[in-house]
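# Survey of secondary and tertiary structure
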Amino acid sequence: MRKRPKIKKRIQPRSDYKKNNTITLFLILIPFVTLIFLLTLDFYTPQINLTLNHKKIGNSITINYKEKYIEPTAEAFYQNRNITDQITTSGKVDSNKIGEYKIYYKVKEGLFYKTKVLKVSVKDLSAPTIKLVGLQNTAVCPGRKYQEEGYKAYDNLEGDITEKVKVKKVRDKIIYSVKDKAGNEKEIVRTITYKDKTPPVLELKGSAYETAYLNEKFIDPGVVVSDNCDNNLEDKIEVEGDVDTSKPASYERIYKVEDQSGNKATIKRTINVVEHGQNGTIYLTFDDGPKKGTTDVILDILKEENVKATFFITNGGPDDLVVREFKEGHTVALHTASHNYSYLYSSVDNYYQDLYSVKERVKRLTGSDAKIIRFPGGSSNTISRRYSDKIMSFLTKDVVEKGFRYYDWNLASGDAGEIHTAEGIYEHVTKNLSKDRVNMVLMHDIKPYTRDALKKIIEYGKENGYNFDKITEKTDMIKQRVNN
Ligand code: ZN
């Protein structure tokens, strides 16, 4: 029998084979099992969703410095079950401080829990502001340089950052730019137009209503011109409208001027040619002054309105106001020095002593020889009866023989006692003016309400065709009926 050769067959041990297979299986299974595990874990982990203004948000948001932080709405679910009421929130945002903040949302369900972290960044997102002094679209006179009018820059965080502004000029534009520390930029542009768009300004010297007298030379007080670009426009003023002083009428004069860029200006004046003392003339007469605080203001108004008036003065009040009355072309006339009835009407001598005393004051201060007088209380006064019988009958004749001219009034303003308001004085005077006579208006420049009513009375007169004049020695005397 043939011996069967021993064949040694190398065979892997069974146990090794088994081992290798197990490893391979494991290698295949690990990721699979992990995936299942993770899916399972995810399924068993609660979910937190954040929404802000109805939009889902992720893990971070940015808000502006000082912007109000609005809390997102948090909702939690566990296997489709709403467990929002189990959320606990922690963390705080201070939008008044630049920085990063964290808000924690936690929810727990059984063994499973979830924490969601929201990162809130507070940043400076606002650009600075630039404010220009002057106009953003500005006009500059042709041929001139633009003079920077100024600017200011503010930042919400840094405050005044004007120093950081960069100014750049590009042709007819000036560009102002600024950048804050956070890198926010702002730019603003000023546009320059090299054109004179502003007309000259014409102003009347004197008043809008001037009086010229029949057959007397009218001297136009003139106008003042000014312009933003052109100097010396005085030579370019044109005057239209003649004033014929030989014919009483109302004349209109127009003053015109044009600057080099063609901007025009005009202004008008009415000139009334009248006769001295013609009907409709208003004589403003002021008694008992001067007085500081009233007479000086009255003089200012008369100057503004270019109206001349008459002042019947006493020895009271400051000398300089008497001088001013005279220098400004008013008539300085005589009341009496003391205005003391019991003294000056107790005898003829006393009256003249009081009259000559004030006459000397006028002579001393103005150099003029005053002849125009007004009796204290008027020629019709009855108070003098207490002191001397028939003294007014005597004096009214005697003063005229001595070369004086006396003037009573036909329109009392009411300021001697009855009326104590500027409105009242205005109403009373304007209601009683008449075009059918001269209006000799009695006023007192020591009364504040008279001072306050004057401007409007003059305006009313001018607008209603009256003219104003001062008393001269040629003015007809206005006499009341003598009662003593
Ligand atoms: Zn008086």
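Everything numeric in this text was worked out from a predicted model, so none of it was measured. For every chain, the first residue of its written sequence is number 1, and the numbers climb from 1 along that sequence. Totals for whole chains, interfaces and linings use all residues, but because this is a predicted model, local features are given only for residues with pLDDT of at least 70 and pairs of side-chain atoms are given and counted only at 80 or more. Each side-chain value is derived from all of the structure's non-hydrogen atoms; neither hydrogens nor water enter the calculation.

## A few points about the nonpolar core
Within soluble globular proteins, side chains that are nonpolar tend to cluster in buried spots. Heads up, the rule is: In this description, a nonpolar core means a group of buried Ala, Val, Leu, Ile, Met, Phe, Trp, Tyr and Cys residues linked to one another through side-chain atoms lying within 4.5 Å. Using a 1.4 Å probe on the protein chains alone, a residue whose accessible area is under 20% of its type maximum counts as buried, one over 50% counts as exposed, and one in between counts as partly exposed. A run of H or I in DSSP counts as a helix once it spans at least four residues, and a run of E counts as a strand once it spans at least two, with each numbered from the N terminus. The contact criterion used throughout is that any non-hydrogen atoms of two residues lie within 4.5 Å.
By size, the foremost hydrophobic cluster in this structure holds 49 residues, and its most contacted members are Leu-284, Phe-286, Leu-302, Tyr-351, Ile-373 and Phe-375. Among the elements that take part in this core, helix H5 (residues 348-366) stands out by supplying 6 residues, more than any other. In this structure Leu-302 touches Leu-284, Phe-286, Val-307, Ala-309, Phe-311, His-330, Leu-454 and Ile-458, once residues within four positions along its chain are discounted. Counting residues in each nonpolar core, the second largest holds 19 residues, with Ala-76, Tyr-101, Val-107 and Val-122 among its members.

## Observations concerning the sheet that holds strand E19 (residues 238-240)
Worth spelling out the cut-off: Strand pairing is defined by DSSP finding a minimum of two bridges between the two strands. Lines fitted to C-alpha atoms define the axes here, with helix axes fitted over just the stretch in contact, and angles between the N-to-C directions of these axes take values from 0 to 180 degrees.
Taken together, 4 strands build an open sheet; the order of strands is E17-E21-E20-E19 and the sheet is mixed. Either end of the sheet is taken by a strand with one partner, and the two such strands are strand E17 (209-213) and E19. Put simply, the sheet's adjacent strands are angled 30 degrees from each other on average, direction ignored. In this sheet, strand E21 (residues 264-274) lies alongside E17 in parallel orientation, the contact comprising 5 bridges. Bridging across to E21, Ala-212 finds its partner in Val-273.

## A few points about the state of the cysteines
Among covalent bonds in proteins, the disulfide is the one between the sulfur atoms of two cysteines. As a reminder of what qualifies: In this description, a disulfide is simply a cysteine sulfur pair whose atoms lie within 2.5 Å.
If you walk through the whole model with that rule in mind, you get 1 disulfide. Two residues share a disulfide in this structure: Cys-141 and Cys-229, whose sulfurs sit 1.7 Å from each other. The chirality of the disulfide connecting Cys-141 with Cys-229 is left-handed, given an S-S dihedral of about -90 degrees. One end of the pair, Cys-141, is in the loop between strand E10 (137-139) and strand E11 (151-155); the other, Cys-229, is in the loop between strand E18 (223-226) and E19, with 88 residues separating them in the sequence. A single burial state applies to Cys-141 and to Cys-229, both of which are buried.

## Considering the sheet that holds strand E2 (residues 55-57)
Pairing is antiparallel in the open sheet, where 4 strands are placed in the order E2-E1-E4-E5. Whereas interior strands pair on both sides, the edge strands pair on one side only; in this sheet they are E2 and strand E5 (81-82). Examined bridge by bridge, strand E1 (residues 47-52) and strand E4 (residues 73-78) share 5 bridges and lie antiparallel to one another. Within E4, the position partnered with Ile-48 by the bridge is Ala-76.

## Here's the deal with the packing of aromatic side chains
The following threshold applies: Geometry of aromatic contacts follows a simple scheme: Phe, Tyr and Trp rings, the Trp one being its six-membered ring, pair when their centres are within 6.5 Å, and the pair is stacked under 30 degrees between planes, edge-to-face over 60, tilted otherwise. Whether a charge lies above a ring is judged from NZ of Lys or CZ of Arg, which has to be within 6 Å of the ring centre and within 35 degrees of the ring normal.
Applying the stated criterion across every chain yields a total of 10 aromatic pairs. Geometrically, the ring pair formed by Tyr-341 and Tyr-345 is stacked, given 6.1 Å between the ring centres and 10 degrees between the ring planes. With relative accessibility at 24%, the residue Tyr-341 sits in the partly exposed group. The class of Tyr-345 is buried, set by a relative accessible area of 0%. Consider the rings of Tyr-356 and Phe-404, whose centres lie 5.9 Å apart with planes at 65 degrees: the pair is edge-to-face. Residue Tyr-356 is found in helix H5, and its partner Phe-404 is found in the loop between helix H6 (391-401) and strand E26 (405-406); the two are separated by 48 residues along the sequence. A relative accessible area of 32% places Tyr-356 in the partly exposed class. Residue Phe-404 is classed as buried on the basis of its relative accessible area of 3%. Among the aromatic residues, those joined into a cluster by ring pairs are Tyr-341, Tyr-345, Tyr-351, Tyr-352, Tyr-356, Phe-375, Phe-404 and Tyr-406. Sitting above the plane of the Tyr-352 ring, Lys-402 keeps its charged end 4.4 Å from the centroid.

## Quick word on the coordination of the zinc ion
Convention followed: The rule for donors is simple: an N, O or S atom within 2.8 Å of the metal counts, and for Na, K and Ca the reach is 3.2 Å. Water is not among the atoms, so a site may look short of donors.
Taken together, Asp-288 (OD), His-335 (NE2) and His-339 (NE2) make up the protein donors of the zinc ion, found 2.1 to 2.3 Å from the metal. If you list the donors of the zinc ion from N- to C-terminus, the spacing comes out as D-x46-H-x3-H. Here His-335 lies in the loop between strand E24 (331-334) and helix H4 (341-344) and Asp-288 lies in the loop between strand E22 (281-287) and helix H2 (295-305), a separation of 47 residues in the sequence. Judged by relative accessible area, which is 2%, His-335 ranks as buried.

## A closer look at the pattern of salt bridges
We count it as follows: For salt bridges, the criterion is a side-chain nitrogen of Lys or Arg within 4 Å of an Asp or Glu carboxyl oxygen.
Considering all chains together, one arrives at 22 salt bridges under this definition. Arg-81 is the salt-bridge partner of Glu-109, the closest N and O atoms lying 3.1 Å from each other. Separated by 28 residues along the polypeptide, Glu-109 in strand E7 (residues 99-109) and Arg-81 in strand E5 bring together distant segments of the chain. Accessibility expressed as a relative area gives 16% for Glu-109, which makes it buried. The residue Asp-398 makes a salt bridge to Lys-402 at a minimum N-O spacing of 2.9 Å. Among the ionic contacts, a cluster of salt bridges with common partners joins Asp-300, Lys-303, Arg-324 and Glu-328.

## Some points on unusual backbone geometry
Apart from glycine, the bulk of residues carry a negative phi angle, and the bulk of peptide bonds sit in the trans form. Here the amide bond leading from Gly-289 into Pro-290 is cis, since omega sits at 0 degrees, within 30 degrees of zero. Within the secondary structure layout, Pro-290 lies in the loop between E22 and H2. A positive phi is found at Lys-66, a non-glycine position, where the angle reads about 70 degrees. Tracing the backbone shows Lys-66 in the loop between strand E3 (60-64) and E4. For Asn-215, which is not glycine, the phi dihedral falls at a positive 60 degrees. Tracing the chain through its elements places Asn-215 in the loop between E17 and E18. Owing to a relative accessible area of 60%, Asn-215 belongs among the exposed residues under this scheme.

## Side note on the pairing of strand E8 (residues 112-123)
Where E3 meets E8, 5 bridges bridge the pair, whose relative direction is parallel. Note on E8: the bridge partner recorded for Ile-61 is Val-120. By the bridge criterion, 11 bridges tie E7 to E8 in an arrangement that is antiparallel. The residue of E8 that forms the bridge with Val-107 is Lys-114. The loop that links E7 with its antiparallel partner E8 comprises 2 residues; one of these, Gly-110, has a positive phi angle of about 60 degrees.

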